[in-house]
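# Coordinate analysis (summary)
Read off the chains here:
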Amino acid sequence: MFFIKRVVLLSLVLAASFSSYSQRVDKKSALRDSLDHKLDASDFLMTANGFIPLPQFITEPSLGSFGLAFSPIFIHPNKYQEKGRYVPPNITVAFVAYTANQSWMLGAMRIASLPKYGLKYRIGAGYGSVNMDFYRNVGGLGDKKFSFNFRSIPIFGSLTKEIGKTNIYAGIEYFYMDTDLSPEFGFTSLPDFVSEKSLKSHVSSPGVLVEYDMRDNSFTPNKGTMLSSNFRINAAWTGSDFEFRNLDFKALQYFQTTPSLVSGFRFESQLQYGKAPFYLNPGVNLRGVPMARYQGQSVYLLETEQRYDFTMRWSGVFFTGMAKAIPKETSFSDATLVYNYGTGFRYLIARKFGLRMGVDVAASNDDFGYYIVFGSAWNNRG
């Protein structure tokens, strides 16, 4: 518990050193909640013209299990507020990261809304050199590991419009990625799942999306429903080097069964049609499971997380889930059942935003991982 306090306190001290204020405020009191006088970033976020520079540990197993990231995070309440309706704050994040397997990346993202006009938008871009392992069944030898270096420039954007006052948003999105791929293994020829075309390629994916979000909080929800579905196309006419389509669906449901217990449920499905580069095949996205460890042309996933609030500030979580990634020409029953389970804790670091932060440890079929969680783990996975 002291670990999270120290990381957050370091972030806030750095912010106090480098942020500018529109008016003179008591910096010490800005880091304490007026309700219980505990460490809290709410007033600091709301009154500072600067940012919170958040140092984070990268714990993804497929990236070497350890790394460091630095993320200046701007979280500001939306200027437009509507009585009786939750309006999420605007978030702007930049990041730079380096991991134990010599991967590095940098980028920026903004998630914001114009509720007066019923609009939401997301935009982000990055660049990186990432070393990742992919697994494929080779003959009768079972799963074998293949290592690759990716030098990629991803760009993403979306714009949605609310339909009436229904909390249903529909709109368009676009994803572009330029990739240079280098195999990092000793084969004299490429394995069957890697095409020459995928070594240097462009992916250009316009799409449509529909979202319904009635969660009471976009960071760490206590109750409510969130549904999201999108359909994306890659083709010659979109500027892509590949011909494939993706249909994704996600559902999150939260129940606050008692004042201290929050039960969350997550379902996801990913369907892919056509021939995509192997690194963009749908994959199982669970804590404790390395990225790209299990891939297929379709993925089905179910997970639950139970959070118990011991006090207003401190909480414990337990989670478990299962999934299947179904390769081409493989039946659902024959696909590997992937499972995970784990536990962790949370600290309410920004009460006025409902933002909790903590650490999770998780295990799966053959792997183990630990994660620094900012908000909800499901916001970052899937």
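The structure contained in this document is the topic of the report that follows. (Residues numbered from 1 in each chain as written. Predicted model: local features only at pLDDT ≥ 70, side-chain atom pairs only at ≥ 80, totals over all residues. Heavy atoms only, no water.)

Looking now at the overall build of the protein chain. Check the secondary structure of the protein chain and you find four helices and 16 strands. Across the 382 residues in the protein chain, those meeting the buried criterion constitute 49%. Contacts spanning at least 24 positions in sequence make up 58% of the contacts within the protein chain whose residues lie at least 6 apart. Counting only carbon and sulfur atoms, one obtains 62% of the accessible surface of the protein chain, whose full area is about 18800 Å². (Helix = DSSP H or I, 4+ residues; strand = E, 2+ residues; numbered from the N terminus. Buried < 20%, exposed > 50% of the residue type's maximum accessible area, 1.4 Å probe, protein only. Contact = heavy atoms within 4.5 Å. Areas by Shrake-Rupley, 256 points an atom, 1.4 Å probe, with all protein chains shown as cover.)

Okay, the pattern of salt bridges next. On inspection of all chains with the given rule, the structure shows 20 salt bridges. Arg 232 is the partner of Glu 173 in a salt bridge, and the nearest nitrogen-oxygen pair spans 3.8 Å. Of the two residues, Glu 173 sits in strand 7 (residues 168-183) while Arg 232 sits in strand 9 (residues 224-234), which places them 59 residues apart along the sequence. Across the pair, Arg 232 and Glu 173 agree in class, each one buried. Among the salt bridges present, the one from Lys 200 reaches Asp 180, with a minimum N-O distance of 3.0 Å. Taken together, the residues span a long stretch of sequence, with Lys 200 in strand 8 (residues 200-213) and Asp 180 in strand 7 at a distance of 20 residues. Given a relative accessible area of 30%, Asp 180 falls into the partly exposed group. (Salt bridge = Lys/Arg side-chain N within 4 Å of Asp/Glu carboxyl O.)

Let's shift gears to the side chain of Ser 129. Among the secondary structure elements, Ser 129 is positioned in strand 5 (residues 119-137). Its relative accessible area of 5% is what places Ser 129 among the buried residues. Here the side chain of Ser 129 touches Asn 149 through a polar contact of 3.0 Å, side chain to side chain. Apart from residues no more than four positions distant in its own chain, Ser 129 is found in contact with Gln 102, Ser 103, Trp 104, Asn 149, Phe 150 and Arg 151. (Polar contact = N/O pair within 3.5 Å; in protein donor to acceptor, adjacent residues only side chain to side chain.)

Attention now goes to the nonpolar core. The nonpolar side chains of a soluble globular protein tend to be buried, and buried together. In terms of nonpolar packing, the biggest core is built from 19 residues, with Met 132, Phe 134, Phe 148, Phe 150, Phe 278 and Tyr 279 touching the most fellow members. Elements represented by at least two residues in this core include exactly strand 5, strand 6 (143-162) and strand 7. Core analysis: the next-biggest nonpolar cluster, separate from the first, contains 17 residues, Ile 73, Phe 219, Ala 350 and Leu 355 among them. (Core = buried A, V, L, I, M, F, W, Y, C linked by side-chain atoms within 4.5 Å.)

Take the packing of aromatic side chains next. Taken as a whole, this structure holds 19 aromatic pairs when the rule is applied. A ring pair is formed by Phe 134 and Phe 150, whose centres lie 5.8 Å apart and whose planes are at 50 degrees; its orientation type is tilted. Of this pair, Phe 134 sits in strand 5 while Phe 150 sits in strand 6, placing them 16 residues apart in sequence. Judged by relative accessible area, Phe 134 falls into the buried class, the value being 2%. Judged by its relative accessible area of 8%, Phe 150 is buried. When the ring of Phe 249 is compared with that of Phe 267, the centres are 6.3 Å apart and the planes differ by 50 degrees; the resulting orientation is tilted. (Phe/Tyr/Trp six-rings, centres within 6.5 Å; stacked < 30°, edge-to-face > 60°.)

A separate point is a nonpolar patch on the surface. A cluster of nonpolar side chains, namely Leu 227, Phe 249, Phe 267, Tyr 300, Leu 302, Phe 318, Met 322, Phe 332, Leu 337, Tyr 339 and Tyr 341, defines an oily patch on the protein surface of about 1000 Å² accessible area. Broken down by secondary-structure element, the contributors of at least two residues to the nonpolar patch are strand 12 (298-309), strand 13 (314-326) and strand 14 (337-350). Here the nonpolar patch takes three residues from strand 14, the largest share from any one element. Tracing the backbone shows Tyr 339 in strand 14. (Patch = residues over 30% accessible without salt bridge, like charges linked within 9 Å, V, L, I, M, F, W, Y side chains within 5 Å.)

A few words on the layout of surface pockets. Here the second largest pocket is characterised by a volume of approximately 850 Å³. The wall of the second largest pocket is formed by 32 residues, among which Arg 136, Gln 295, Gly 296, Pro 327 and Lys 328 lie closest to the centre. Contributing elements (two or more residues each) for the lining of the second largest pocket: strand 5 and strand 11 (261-275). Counted by class, the lining of the second largest pocket contains 12 nonpolar, 11 polar and nine charged residues. (1 Å grid on protein atoms, 1.4 Å probe; cavity = no way out; pocket = protein on both sides within 12 Å on 5 of 7 lines; lining within 4 Å. Points joined across faces, edges and corners; volume = space filled by probe spheres on them. Nonpolar A, V, L, I, M, F, W, Y, C, P; charged D, E, K, R; others polar.)

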